[in-house]
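# Structural description and commentary
Okay, here's what each chain looks like letter by letter:
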Amino acid sequence: MNVEEELARQLRETGDVIAPTLPDIERAKARGRQRRQGAITLAVGAGLLATAAVVVGPRLVSLPNGAAASGATTAAAPTTPVTGSPGTTMAGEPSTGGLLIASAEGIEVRPFDGEPALLRSDPFYESIISALPDGDGGIVFQHDITPLPWPQGSILQVATGTQEARVLVAPDDHQTIDLLDVVGDDLFYVLDDQVDLWSEHRLLSLSSGEVRTVYAREMTDQLAVQAAATDGRLLVVAVREENGCGWLEYSWIDETSTGGGPYNPYPQESCAAPDVIDMRLAADGSVLYVLSGDDPTRLEGRDLTTGDSVFQYDLPVTRQLSLAPGGTLAMFGEDKLLVGRLEGGRFELRPEEPDPTGLPVAVAVYDGDLTLAPGATLGSGTGQLPCTPLVGAPYPDLAALPGPVARTATSVAAAAAECDFPAILELMAANPDFSGSFAYAGRDGSDFFIHSWIAESRRGSDVLNQIARIMTTRPALAEDGSYYVWPAVFATGADVDWEDLANVLTPEELEVAGAPAYLGWRVGIARDGTWMFAVAGD
Amino acid sequence: MEETTEELVIDLDEPAPPATRLRQPAFEDFYRIQREPVFRALALTLRDRELAGEAVDEAMARAYQHWRSVSGYDNQPGWAYTVGLNWARTRMRMRKREIITDTVPDRAVEIHLPRPELDRVLAQLDLRSRAVVVLRYYLDWSYEDIAAALRIPLGTVKSRLHRTLAAIKEQLEEKP
């Protein structure tokens, strides 16, 4: 055996038996969303963050147990601060303000001195990926799947005293938008154009509607903007190359303020910036708070006048940072919430923060009060779902099928043709073993499937319409005789069944379906009428 | 949007689970198909199962973060592998491990080849060279795919492989 063959054989023998680690796609998505979101909040207000050397308290903090949603968090307790002198006690709990927690259930508004409330969106559009105070008693936010008729990815606002949400910014089809921050009257967001490959940090004046680009960069796969922070005057952007070189870039928002600028602790030539997870800038721009590292995650304050590190604090795995002008600081790590205070030269975590409702994605601190109208909603209220009804389609004669099969087939076909997602969900839920999509790390079930179908339909693939059309073709009995499948070609591969299918699918859909073996959407119903699956692919 | 590139989909020995593949390239498809081979390739490259697990999770989170861009790449697993490798290198630096040879401390999670001579040669390679070897001889990628994934010239791929094979031959000849 030659050397190359031997090397390949040994690598395969070794690699193929490496025990796999546990896949957890929901955790990967949550981390991706948090990174995508970048900087979150620097709520408006007159108060300024204490800028004297901030000293951390040494007290070990007991953390709440994590929510069971991801099930994979092994966050360690915080370590003793690495710098600073001993603190005493927390300098008073915040008397006003609270947290906005974006989750799969909506937005939990958790006042520091009151009862929490959950703001909900429309059915099937509940999941919120970011939420911020708008500085005037309202909130701005983004859905995971944006309710129709709003464009996917829109930034929305429920303004003070109002019930209904409205679109502030909407991306074009080939663009994505990430909500970044609200400072004073200005909303900051990142707009990425996936076709022309550019990325811009923009500012929207909430009062005048004026939009201005404050930072721009070409998109490449070798360089990423990791996070950004602003005090309304300066935008600080953390940039990192795939080779590990990282630095901070400054962009003045006030175009009259140029030159000099504050001290940059990580200029490009240093290549020494840590792997930034998130950043915040103090309301007066004097201190930059940087969250970096993995486990432990480090929170570091950098004086931008001197460049000195004013404090460092090691935390459990933490993915996102939020800071209000009054000094309240909230962090979100995996499935834990950490809330602390920067005040009077001290930084201290609250001893315990109750677990959020649902699967949390992001947290933001608000100062003062939110003044939303009773009954405020995050949805459009139109009830529109991404589906085109199939009208007047001829259905095959199902009399030859067993009665239970025919009844279920009729129900599925009718619900799909009418775009009746609730009815589809109900039919799915009747079989706990129904298969409608992938199942990852325990995340399956009818709710998961229906949301994945809606998300897919929002991306342009009209799932229910395709299923409805498939159901107009002839079914066949599966090879083992246990279930009937639509379309028949999946089981038979016969030319006549391909021709039958060609009457209901477009040439493009047929091509994707993968002739000669059909791998497009197919529906399976057991002899007893149990709806077993509606899947596509291999 | 383009379909997921078929020629770079790595076929595992185990049968694919019952699954849906939707028309557009979906992150779920990518995750299901590519996470495991990327993890194994990283484990062989890093010689550390635990670090590879963290690296592939980080790469997958970044893939989701940038999915609209990543889904259009020709070599998505190559991108994920490279991101995971770079993240792991940064992590190793942060841990203040030996970076000259990228040696990983001897731990239970360390990965070894069964044949000591080969294992010794691989252990002595720097991470970039080991990456070339793993992509070529474990994932069976072409020189061109390796060069594109690691963003190095084609000639560098060939020279690294040449040097590695020469070193292995030397080791085998030295064996009594």
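Per chain, residues are indexed from 1 in the order of the written sequence. Lettering for chains starts from A, numbering for ligands starts from 1, and both go in the order in which the items are written. Whole-chain, interface and lining totals are the exception, using all residues; otherwise, since this is a predicted model, local features are given only for residues with pLDDT of at least 70 and side-chain atom pairs are given and counted only at 80 or more. Here the side-chain values reflect all heavy atoms present in the structure, with hydrogen atoms and water set aside.

### Some points on the interface of chain B and chain A
- Contacts were defined at the residue level, with two residues in contact if any of their heavy atoms lie within 4.5 Å. On the chain A side, the residues contacting the 55 residues of chain B number 59 residues.
- Across the chain B/chain A interface, buried area totals approximately 5500 Å², and carbon plus sulfur atoms make up 56% of it.
- Definition used for salt bridges: Asp or Glu carboxyl oxygen within 4 Å of a side-chain nitrogen of Lys or Arg. Along the contact surface separating chain B from chain A lie two salt bridges.
- A salt bridge links arginine 62 of chain B to aspartate 275 of chain A, with the nearest nitrogen and oxygen atoms 3.4 Å apart.
- Contacts described as polar in this section are N or O atom pairs within 3.5 Å, which, within protein, must combine one atom able to donate a hydrogen with one able to accept it, while residues neighboring in sequence count only if both atoms come from side chains. Inspection of the region where chain B meets chain A yields seven residue pairs in polar contact (both at pLDDT 80 or more).
- Numbering goes from the N terminus for both helices and strands, where a helix is a DSSP run of H or I of at least four residues and a strand is a run of E of at least two. Those elements giving two or more residues to the side of chain B that touches chain A turn out to be helix H1 (27-46), helix H2 (49-65), helix H3 (67-70), helix H4 (76-94), helix H5 (116-124), helix H6 (127-137) and helix H8 (154-174) of chain B.
- Top element by residues in the side of chain B that touches chain A is H1 of chain B. It accounts for eleven residues.
- Looking at the side of chain B that touches chain A, its residues break down into 27 nonpolar, nine polar and 19 charged. Summed over both partners, buried area is the accessible surface (1.4 Å probe) that two parts give up on being assembled. When residues are sorted by character, Ala, Val, Leu, Ile, Met, Phe, Trp, Tyr, Cys and Pro go into the nonpolar class, Asp, Glu, Lys and Arg into the charged class, and all the rest, Gly among them, into the polar class.

### With respect to the packing of aromatic side chains
Residues and elements named next belong to chain B.
- Aromatic pairs are defined between Phe, Tyr and Trp rings, using the six-membered ring for Trp, whenever the two ring centres lie within 6.5 Å; interplanar angles under 30 degrees are classed as stacked, those over 60 as edge-to-face, and all others as tilted. What the rule picks out here adds up to ten aromatic pairs over all chains.
- Measuring from ring centre to ring centre gives 6.3 Å for phenylalanine 27 and phenylalanine 30, while their planes differ by 50°; the resulting arrangement is tilted. With phenylalanine 27 and phenylalanine 30 both in helix H1 and three residues apart, this pair spans about one turn of that helix. When sorted by exposure, phenylalanine 27 lands in the same class as phenylalanine 30, which is buried. Type-normalised accessible area, obtained with a 1.4 Å probe on protein chains alone, sets the label of each residue: buried when under 20%, exposed when over 50%, and partly exposed for intermediate values.

### What to know about the pairing of strand S12 (residues 198-205) of chain A
All names here are of chain A.
- The buried count for S12 comes to six of eight residues, which makes it a mostly enclosed element.
- Pairs of strands are assigned from DSSP output, requiring at least two bridges between the strands. Pairing analysis gives eight bridges linking strand S11 (residues 186-193) to S12, with the strands arranged antiparallel. Pairing of phenylalanine 188 across the sheet is with leucine 203, part of S12.
- Taken together, the seven bridges between S12 and strand S13 (residues 211-218) define a ladder with antiparallel strand orientation. Pairing of serine 199 across the sheet is with arginine 217, part of S13.
- Where S12 folds back on S13, the antiparallel hairpin that results is connected by five residues, among which glycine 209 adopts a positive phi of roughly 80°.

### Observations regarding the pattern of salt bridges
- Using the criterion set out here, one finds 20 salt bridges over all chains in the structure.
- With its nearest N and O atoms 3.2 Å apart, the salt bridge here joins arginine 233 of chain A to aspartate 231 of chain A.
- Overlapping salt bridges, with partners in common, bring together Glu6, Arg9 and Glu13 of chain A together with Arg115 and Glu117 of chain B in one network.

### Topic: the confidence of the model for chain B
Residues and elements named next belong to chain B.
- Considering every residue of chain B, the mean pLDDT works out to 73; 74% of them sit at 70 or more.
- Per residue, pLDDT measures the predictor's confidence, with a range of 0 to 100. Looking over chain B, one finds the lowest element-wise mean pLDDT in H3, namely 74, and the highest in H1, namely 91.
- Within the model, pLDDT remains below 50 along residues 1-24, and this stretch shows 62 contacts once partners closer than five positions in the same chain are excluded.
- Segment residues 96-106 is flagged for pLDDT under 50; beyond a separation of four residues in sequence, or across chains, it makes 20 contacts in the model.

### Things to note about unusual backbone geometry
- Proline 149 of chain A follows leucine 148 of chain A through a cis peptide bond whose omega is 10°.
- Tracing the backbone through its elements, the reader meets proline 149 of chain A in the loop between strand S7 (139-143) and strand S8 (155-158).
- For the bond running from tryptophan 486 of chain A to proline 487 of chain A, omega is -5°, close enough to zero to count as cis.
- Here proline 487 of chain A lies in the loop between strand S27 (483-486) and helix H7 (489-492).
- In this structure, aspartate 140 of chain B is a non-glycine residue whose phi angle is positive, near 60°.

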